[in-house]
Structures are given as C-alpha cells and as structure tokens.
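Now for the letters of each chain:
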Amino acid sequence: MTDETATNDAATYSEKIQGVIDGSDVVLFMKGTPDAIMCGNSERALGALRRAGAPITAVDVLLDMQIRDELSAISGWPTIPQVFVKGELVGGADIVEDMERTGELEQTLTDKLGENYWDGRGENTVVLVEG
Amino acid sequence: MSAERLQGLLEGAFPDAAEVRVIDRGGGDHFEVRVTAPDFDGLSRIQQHKLIYAALDDPWKDGSIHELRINTKGTTQ
C-alpha cells in the first residue's frame, strides 16, 4: 500500500507536521521512504513497526532540513527516526526495537488502536512541502 | 571527539550512576552509551533518553556525535 499525498496548502511545516501526527495512527519520521531508506536507524524502526503489523504513515525528513528542525522543536527529541502512536511520541529506533523485543510494541498498538489494528497494516507516505 | 568526553559528561550528569559506559561504534562519531542510574527510576523510556540527550547537548550541537545508541536503566528496575 503506497499512497503519496502532497500537502500543498499555505500551512507552515510546524502545522503540517502536527497535522500528520494528530491525524495518523502511527507516524514514522524517517530518513528516506519505506521504499528507499537512507539510514540504518530509520530501517531499524521501520522493521520493528512492520513486524508488529503497524499501519505506518511515513514522512521523509530529508526533503528539507526545516522539517527536521520543526519536528524536534515539537517533540523535544533531537534525532531521527521518531515514532508517534495516536499523537504521542513513543521513541526512536532503540526504544521501538526494545519494545518489540519485550512485546510492548504490539501491546501499545493494541491498546491505542484496538485489537484488530493489524487489519490496517501497511505503509503510506506523506510528502511535506512548504506552502 | 572521544568516548572519554562523553563518559565525563555522563558521569557529571549522573553522579550516582551504578554504570556509565561509552562504546565507540566507529568513525569517532558513532557511539553507544549505557547508563544505569537512580535518576531513571520511575521514568518512561522517552524521559530517560531525553535526560541522556540533555547531558550530551554540547557534543550534539557541535556535531561531535553523528549517531548514538542509548541504553538506560533505573536502579530499581
């Protein structure tokens, strides 16, 4: 499932980032896209989410340095990747992998998205463009 | 940039730590840190990692760290 959605209105990056975080079940801010991963840590986080059957909305932060700066200002988290579930920062690659190992990742997805979250598994990509 | 600088910053930030370990993962700017400290007791992983990022703010800002793996534990866990 790949669906590219360009958000082109006049909103600032900050508003667009917040909109994606609030409007998606699971968001992965990553370097590259699921089809063209540009960083080992982004690959680790993506792999853990895929194995857990998460419905992933991916955002490529490499398109513009400003996306990364605005994201870190919102989340208080300096590094990429960043994973959000239902609007809440879950962590980066280390935390998400650790949660997968302990079973907490699937548990969190079940708690926040419902028992049948697996039905929505797959990936779509949101392309952020400054308006 | 050296692992010793990170070691010093972390020991300064977590003086009661049971373990502070910095592992050079190559290139002089890829590191793994392992910290076990009472500061982390009762905190979520997110909060624990944010404390590490705060302690290493200077080397982050000057570009001395390119990649960091973080492993934190409280002392009651």
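Note: the structure precedes this text.
Here the structure is a predicted model, which means the values were calculated and not measured.

(A) Representation of the overall build of chain B in the model. In terms of regular secondary structure, chain B is built from three helices and three strands. For chain B, the α and β elements follow one another from N to C terminus as α-β-β-α-α-β. Over its C-alpha trace chain B gives a radius of gyration of 12 Å, about what one expects of a compact globule, namely 11 Å for 77 residues. For chain B, the spread of C-alpha atoms along the principal axes amounts to about 35 × 20 × 20 Å. Every one of the 77 residues in chain B was classed for burial, and the buried ones make up 26%. Sequence separation of 24 or more characterises 49% of the internal contacts of chain B that already satisfy a separation of 6 or more.

(B) Region of the structure containing the sheet that holds strand 2 (residues 30-36) of chain B. Residues and elements named next belong to chain B. Ordered by their spatial adjacency, three strands build an open sheet running 1-2-3, and the pairing between neighbours is mixed. The open sheet has two edge strands, strand 1 (19-26) and strand 3 (67-73), and neither has a second partner. Between one strand and the next, the sheet's axes are offset by a mean angle of 10°, whatever the strand orientation. Inspection of the sheet shows strand 1 paired to strand 2 by seven bridges, in the antiparallel sense. Its bridge partner being in strand 2, Arg-21 is matched across the sheet by Arg-34. In the packing of helix 1 (residues 3-13) onto the sheet, the strands contacted are strand 1 and strand 2, and the crossing angle to strand 1 comes to about 155°.

(C) Spotlight on the packing of helix 1 (residues 13-23) of chain A against helix 3 (residues 65-75) of chain A. All names here are of chain A. Packing of helix 1 against helix 3 brings their axes to within 9 Å, and their N-to-C directions diverge by 65°. When you trace helix 1 past helix 3, the crossing you get is right-handed. Listed contacts from helix 3 to Tyr-13, Ser-14, Ile-17 and Gln-18 of helix 1 are Gln-66, Ile-67, Glu-70, Leu-71 and Ile-74. A breakdown of the residues in the contact of helix 1 with helix 3 according to their chemical character gives five nonpolar, three polar and one charged.

(D) Layout of the pairing of strand 3 of chain B. Residue and element names in this part refer to chain B. Where burial is concerned, the two faces of strand 3 differ: the one with Leu-68, Ile-70 and Thr-72 is buried and the one with Glu-67, Arg-69, Asn-71 and Lys-73 is not. The pairing of strand 2 with strand 3 spans seven bridges and is parallel. Residue pairing for strand 3: Val-33 is matched across the bridge by Ile-70.

(E) Highlighting the environment of Cys39(A). Residue and element names in this part refer to chain A. Here Cys-39 shows up in the loop between strand 4 (36-37) and helix 2 (40-51). We classify Cys-39 as partly exposed; it has 18 C-beta atoms within 10 Å. Taking the C-alpha atoms as reference points, Cys-39 and Pro-81, separated by 42 residues in sequence, lie 9.0 Å from one another. Ignoring anything within four residues of it in the chain, the contact list for Cys-39 reads Lys-31 and Gly-32.

(F) Spatial organisation of the interface of chain B and chain A. Listed by partner, the interface residues are nine residues for chain B and six residues for chain A. Looking at the side of chain B that touches chain A, the elements that each hand over two or more residues are helix 2 (45-55) and strand 3 of chain B. It is helix 2 of chain B that provides the largest number of residues to the side of chain B that touches chain A, a total of five residues. Broken down by class, the residue content of the side of chain B that touches chain A amounts to four nonpolar, two polar and three charged.

Scoring rules and cut-offs
Residues numbered from 1 in each chain as written. Chains lettered and ligands numbered in written order. Predicted model: local features only at pLDDT ≥ 70, side-chain atom pairs only at ≥ 80, totals over all residues. Helix = DSSP H or I, 4+ residues; strand = E, 2+ residues; numbered from the N terminus. Rg over C-alpha atoms; globule rule 2.2 N^0.38 Å. Buried ≥ 20, exposed ≤ 12 C-beta atoms within 10 Å, placed from the backbone. Contact = placed C-beta atoms within 7 Å. Pairing = 2+ DSSP bridges. Axes fitted to C-alpha atoms, helices over the stretch in contact; angles between N-to-C directions. Left-handed = near helix turned anticlockwise from the far one by under 90°. Nonpolar A, V, L, I, M, F, W, Y, C, P; charged D, E, K, R; others polar.

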